[in-house]
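Coordinate analysis (summary)
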Amino acid sequence: MGALIKNGTIVSATGSRRADVLISGEIIAQVGEKIVEEEHEIVDATGLLVMPGGIDVHTHLDMPFGGTTSADDYTTGTQAAAVGGTTMLIDFALQSQGHTMREAFDTWCKKSDRKACVDFSLHMAVTDLDPHHTGDTGYGLREMEEMVVEGISSFKLFMAYPGVLMIDDGLMFRVMQKAAGLNALCCIHAENGSAIDIVVSQMIAEGKAAPHYHALSRSPKAEAEATHRAIALADMAGAAVYIVHLSNEDALAALKFMQGRGARALAETCTQYLVLSIEDQMPGNSWEEAKFVFTPPLREKKNQKPLWDALAEGALSVVSTDHCPFRFADQKSLGKDDFRKIPNGGPGVENRLQILWHFGVNAGRITPEKFVELAATAPARIFGMEKKKGSIVPGLDADILLWDPDADYTISAATQRMATDYNMFEGWKVKGNAAKVFSRGELVVDNTTRPGEFLGATGRGRFVRRDANAGGFA
Ligand SMILES: [Zn+2]
């Protein structure tokens, strides 16, 4: 007994074919041309594409930032993901300076406990190693071993936000060496935070405090420089590295240069950098632009095509969201008179697949197979969970997305599941949307009959332990 998905077209990262999918319990039991019907519950997927559920490897749920907390908790955040066709998230546990990684892990386990509605995992953001014990017996480095045992096989390092999250190059290099020994992946926020902070102070001194100046204060060159530095240091340390939210052409050039030199370097971009720009969203004359204050900031439009090309050609491997939602009315407003105080981040987890499909596949920039690769299969492979997620293959979790390529959908905060009072793509009409979504075999979303609703139980999502596989290079 289990659902039998019939008459659909299975799209994988490598090809498409007509086949049925049989779900048994939480697992994909069988994939084949004509699976014999027994007492299965039949799901008719005529006209639909059958894909692995989306995996968004970059979200910040219930995250403290600048005196407030991101608006989506693990319940609304994972439900919004599911409604949009995403069945797995990797969120970030943030180590506080002076505290241990274990404390951060426990804190984020509590945040998700009985709240997560689809499966999730965590990256560990390392901000501190005991400076007196950086040898292999040092506590911080031992903790990295413990985290890998817990199934946290990726470590996030910040080259931005001095005094809060940023670590210096020596510490970053030491973490990279340790990660190399553990086969773990280093995820890097690549921006030169020290230089940016000087530009920021100078702008504020000149009275340039509007949201527009947030974008101008963070040069693409600061990102490109840090991208090169991070990959070069990782290469010296023998570590595999993954650049998060790569946003512009200069940083892309740095990535490609190091990839060409044989560095084990991967990178993601995010939906917002592919379709939003300074010209369109932040021309510089309104407080509304605070809706688009995130880091790295929006870039000039000319950066979009190179990013799309890099997705199609393979220099960029993943499209994530960096979903970090803050309400416009009472959270973004903390920085009304000073862009430094605007909580950094935007909502996006619910709309990732719609944007990627409409502006990618419909626009002829990527194939449906590439869509699956970027949205699910590569994230699973790179982050050590390809034996559980990311493909329609027998034995894997039945995280399955039935995608309707002909569905018309208008994006709006009024109908979204995300807990913000705005949407970055407000009023945009897209073609292509999630029709039905299965999470470990359970139908949790049916946008054809109950649009925008989450049908499963709150708290059903589970923590997924990931293998340390050096980003799939090893
Ligand atoms: Zn982020």
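From a predicted model like this one, the values you see are computed outputs, not experimental measurements. (Residues numbered from 1 in each chain as written. Predicted model: local features only at pLDDT ≥ 70, side-chain atom pairs only at ≥ 80, totals over all residues. Heavy atoms only, no water.)

**Remarks on the pattern of salt bridges**
Across all of its chains, the model carries 30 salt bridges by this definition. Ionic pairing is found between Glu-26 and Arg-462, a salt bridge with its closest N-O pair at 2.8 Å. In this pair, Glu-26 is assigned in the loop between strand S4 (20-24) and strand S5 (27-32) and Arg-462 in the segment after strand S20 (442-446), connecting sequence segments 436 residues apart. Classification of Glu-26 by relative accessible area gives partly exposed; the value is 30%. Residue Lys-111 pairs with Asp-62 through a salt bridge whose shortest N-O separation is 3.7 Å. Linking Lys-111 in helix H2 (residues 101-112) with Asp-62 in the loop between strand S8 (54-59) and strand S9 (64-65), this pair joins segments that are 49 residues apart in sequence. Judged on exposure class, the residue Lys-111 and its partner Asp-62 are both buried. Among the ionic contacts, a cluster of salt bridges with common partners joins Glu-26, Asp-119, Lys-389, Asp-397, Asp-399, Arg-440 and Arg-462. (Salt bridge = Lys/Arg side-chain N within 4 Å of Asp/Glu carboxyl O. Helix = DSSP H or I, 4+ residues; strand = E, 2+ residues; numbered from the N terminus. Buried < 20%, exposed > 50% of the residue type's maximum accessible area, 1.4 Å probe, protein only.)

**Section: unusual backbone geometry**
With an omega of -5°, the peptide bond running from Thr-295 to Pro-296 counts as cis. Mapped onto the elements of the fold, Pro-296 is located in the loop between helix H10 (278-281) and helix H11 (304-313). A positive phi angle, close to 65°, is found at Asn-183, a residue other than glycine. Of note, Asn-183 is situated in the loop between helix H4 (169-182) and strand S14 (185-189). Taking relative accessible area as the criterion, Asn-183 reaches 30% and is therefore assigned partly exposed. The phi torsion at His-245 lies on the positive side, around 30°, for a residue other than glycine. You can see His-245 is positioned in the loop between strand S15 (240-243) and helix H8 (249-260). A residue is classified by how much of its surface remains accessible, and His-245, at 2% relative accessible area, is buried.

**A few points about the coordination of the zinc ion**
Coordination of the zinc ion by the protein is provided by His-58 (NE2), His-60 (NE2) and Asp-322 (OD), with metal-donor distances spanning 2.0 to 2.2 Å. Along the chain, the residues donating to the zinc ion fall in the pattern H-x1-H-x261-D. You can call His-58 buried: its relative accessible area is 1%. (Donors = N, O, S within 2.8 Å, 3.2 Å for Na, K, Ca; no water.)

**Remarks on the sheet that holds S20**
One open sheet accounts for six strands, arranged S3-S2-S7-S18-S19-S20; its pairing is mixed. Each end of this open sheet is capped by a strand with a single partner; those strands are strand S3 (16-18) and S20. Averaged over all neighbouring strand pairs, the angle between strand axes comes to 35°, with direction disregarded. Pairing of strand S19 (residues 429-439) with S20, which is carried by four bridges, proceeds in the antiparallel orientation. Looking across to S20, one finds that Lys-436 is bridged to Asp-446. Contacting strand S7 (49-52), strand S18 (400-410) and S19, helix H12 (residues 352-361) crosses the sheet at an angle of about 135° to S19. (Pairing = 2+ DSSP bridges. Axes fitted to C-alpha atoms, helices over the stretch in contact; angles between N-to-C directions. Contact = heavy atoms within 4.5 Å.)

**A look at the domain arrangement of the protein**
Many structure descriptions define interface size as the accessible area lost when the parts assemble. Splitting the protein by domain gives domain 1 (3-51 + 393-446) and domain 2 (53-389). Averaged C-alpha coordinates put domain 1 and domain 2 at centres separated by 27 Å. In this complex, domain 1 contributes 40 residues to the contact, which on the side of domain 2 involves 51 residues. In total, about 3,600 Å² of surface goes out of reach between domain 1 and domain 2, with carbon and sulfur atoms giving 64% of it. Where domain 1 packs against domain 2, one counts three salt bridges. A salt bridge links Arg-440 to Asp-119, with the shortest nitrogen-to-oxygen separation between them at 2.7 Å. Inspection of the domain 1/domain 2 interface yields 18 residue pairs in polar contact (both at pLDDT 80 or more). Residue assignment for the side of domain 1 that touches domain 2 shows that the elements contributing at least two residues are S7, S18, S19 and S20. (Domains from an automatic or database assignment. Buried area = accessible area lost by both parts, 1.4 Å probe. Polar contact = N/O pair within 3.5 Å; in protein donor to acceptor, adjacent residues only side chain to side chain.)

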